[in-house]
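Examination of the molecular architecture
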Amino acid sequence: MEFRDLKAQYTELKPAMDQAIAAVIDKANFISGSQVSDLETTLADYVGVKHCISCGNGTDALTMMMMAWNIGEGDAIFVPDFTFFASAEVVAFEGATPIFYDVCEETFNADILSLESAIQAVLKENKLHLKAIIAVDLFGQPANYPQLEQIAKKYNMLLLEDAAQGFGGKIGNKKACSFGDAATTSFFPAKPLGCYGDGGAIFTDDDETADYLRSIRVHGKGNYKYDNIRIGWNSRLDTLQAAILQVKFSHFKNFELQAVNNVAEEYTNMLNGIVKTPKILEGFYSSWAQYTVLTRTQEERALLQNYLKQKGIPTMIYYPKGMHEQEAFANSRQYTELTISEKLCGCVLSLPMHPYLTEQEVESVTDNIRKFIEYYRNDKS
């Protein structure tokens, strides 16, 4: 059993995929081929924003937005504590200060009360400038942007949607990557929409920001290649990756999104009352980058993970450490309680999740979880 079955996906898409890759090789337009701009137009239209600017990877996408917003020393940037390291890393890389806030246990996404508590604490200290909020669409479900946008407006801050795991999710009819002042995503192979290497993109309705981003991704260029009007760097999406994403996107939109939601529904129904399953808020829709359950204790998780491994069932822990527990942030001040993040780090376990999981495979996963949990908890009682 595969944790995320990219081989099965390739088998499904092989004729179209091979043709798309061959077309790039035949023309040898490996850098900035027409497939890149075509993909950007397609994704912008799908998300419902004016501009999609592709780049080398999801971390570059976040960093480029830090640059676009001139974020630097003395700025406070609010980041969820329970997330991948890059969400906070890009803030520190620019010399700004990441301020960690807690998340909700049921959704793994931003806790609005914790966020505002951290903002108030920074204001009271009066040493840092309130600049921006980063919210993460963790495991596929968008964060609560109606509430986040109110907080950002209240404190006159920018809001960045980190949708590295959230592409394809939505709130009502509004899609992930269209919230806040700008949004970023990742095309890492294991993401809901992934390529065959690294890739990323930024989404914005702001023309000036879009022009700036297109400039800095190619060494700060102006009107042509050797006209450099600012300091930039090199972060372009390869034409091959764009061609791959074009093929994958059609299948993602027409089949995979519904398929992963069907798998998630099966998991939730079969695991009800056994382990704590993720909650999708009313009116929200997830692209299910991960299906993550909670055990009661860290010991229970470790033993369950080992048991499933023996049965040939792969699992992953996203994430064993919160941001405030990372050595890189050992000297960071904690402005609010992060108790839920700490709890999740000890209890989360992600199960195999992809559009090609069969009913039999889902039953195997859930039956083995049920058998282990019943034995373990009976033994403990």
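Above this note sits the structure.
The sections below set out a description of the structure shown in this document. (Residues numbered from 1 in each chain as written. Predicted model: local features only at pLDDT ≥ 70, side-chain atom pairs only at ≥ 80, totals over all residues. Heavy atoms only, no water.)

**Describing the packing of aromatic side chains**
Enumeration over the complete set of coordinates arrives at 19 aromatic pairs. Geometrically, the ring pair formed by Phe82 and Tyr319 is edge-to-face, given 5.8 Å between the ring centres and 70° between the ring planes. Highlighted residues: Phe82 in the loop between strand E2 (75-80) and helix H4 (86-93) and Tyr319 in the loop between helix H9 (298-310) and helix H10 (339-347), separated in sequence by 237 residues. The pair Phe82 / Tyr319 is uniform in exposure class, with both members buried. On the basis of an interplanar angle of 35° and a centroid distance of 5.7 Å, the ring pair of Phe167 and Phe252 is categorised as tilted. Of this pair, Phe167 sits in the loop between strand E5 (158-162) and strand E6 (170-171) while Phe252 sits in helix H8 (residues 239-271); the two residues are 85 residues apart in sequence, bridging distant segments of the chain. Side by side, Phe167 and Phe252 carry an identical accessibility label, which is buried. Over the ring of Tyr285 we find Lys170; its NZ or CZ atom is 5.2 Å from the centre of that ring. A cation sits over an aromatic face here: Lys175 above Tyr46, 4.9 Å from the ring centre. (Phe/Tyr/Trp six-rings, centres within 6.5 Å; stacked < 30°, edge-to-face > 60°. Helix = DSSP H or I, 4+ residues; strand = E, 2+ residues; numbered from the N terminus. Buried < 20%, exposed > 50% of the residue type's maximum accessible area, 1.4 Å probe, protein only. Lys NZ or Arg CZ within 6 Å of the ring centre and 35° of its normal.)

**Here we look at the nonpolar core**
Counting residues in each nonpolar core, the largest one holds 42 residues, and the members touching the most others are Ile77, Phe82, Val91, Phe108, Ile134 and Leu160. Where this core is concerned, the elements lending two or more residues are strand E1 (51-55), helix H3 (58-68), E2, H4, strand E4 (129-136), helix H7 (207-216) and H10. Considering every element that reaches this core, the biggest residue donor is H3, with five residues. Discounting residues that sit within four places of it in the chain, Phe82 has contacts with Val103, Phe108, Leu138, Phe139, Tyr318, Tyr319, Ser341, Leu344, Cys345 and Val348. Judged by nonpolar contacts, the second largest core, of 30 residues, contains Val36, Ala44, Ala201 and Ala242. (Core = buried A, V, L, I, M, F, W, Y, C linked by side-chain atoms within 4.5 Å. Contact = heavy atoms within 4.5 Å.)

**Re the packing of H8 against helix H11 (residues 359-380)**
Where H8 meets H11, the axes come as close as 10 Å, and the angle between the chain directions of the two elements is 30°. In this view, H8 runs roughly parallel relative to H11, as classed from their interaxial angle. By crossing handedness, the relation of H8 to H11 is classed as right-handed. In this structure, H8 uses Val263, Glu266, Tyr267, Met270 and Leu271 to contact H11, whose residues at the interface are Glu359, Val362, Glu363, Val365, Thr366, Ile369 and Arg370. Tallied by class, residues from the contact of H8 with H11 come to seven nonpolar, one polar and four charged. (Axes fitted to C-alpha atoms, helices over the stretch in contact; angles between N-to-C directions. Parallel < 35°, antiparallel > 145°, perpendicular 65-115°, else oblique. Left-handed = near helix turned anticlockwise from the far one by under 90°. Nonpolar A, V, L, I, M, F, W, Y, C, P; charged D, E, K, R; others polar.)

**Brief notes about the pairing of E2**
Where burial is concerned, most of E2 is hidden: six out of the six residues are buried. Going residue by residue along E2, you find Asp75, Ile77 and Val79 tucked away on one face and Ala76, Phe78 and Pro80 tucked away on the opposite face as well. One ladder, built from four bridges, connects E2 with E4; its direction is parallel. Following the sheet pairing, Phe78 is matched in E4 by Ile133. Relative to strand E3 (residues 97-101), E2 is paired through five bridges, and the arrangement is parallel. By the bridge assignment, Val79 is partnered in E3 with Phe100. (Pairing = 2+ DSSP bridges.)

**A closer look at H4**
Within the span of H4, buried status applies to Ala86, Ser87, Ala88, Val90 and Val91. At its buried positions, H4 is contacted by H3, E2, E3, E4 and E5. Of the residues flanking the end of H4, it is Gly95, one or two places downstream, whose phi is positive at about 90°.

**Concerning the pairing of E5**
Counting buried residues in E5 gives four out of five residues, a clear majority hidden from the surface. Handedness of the β-α-β unit built from E4, helix H6 (residues 145-154) and E5 comes out right-handed. Note: E5 against strand E8 (residues 182-186), three bridges, orientation parallel. Its bridge partner lying in E8, Leu160 is registered against Ala182. (Right-handed = clockwise from strand over helix to strand, strands pointing away.)

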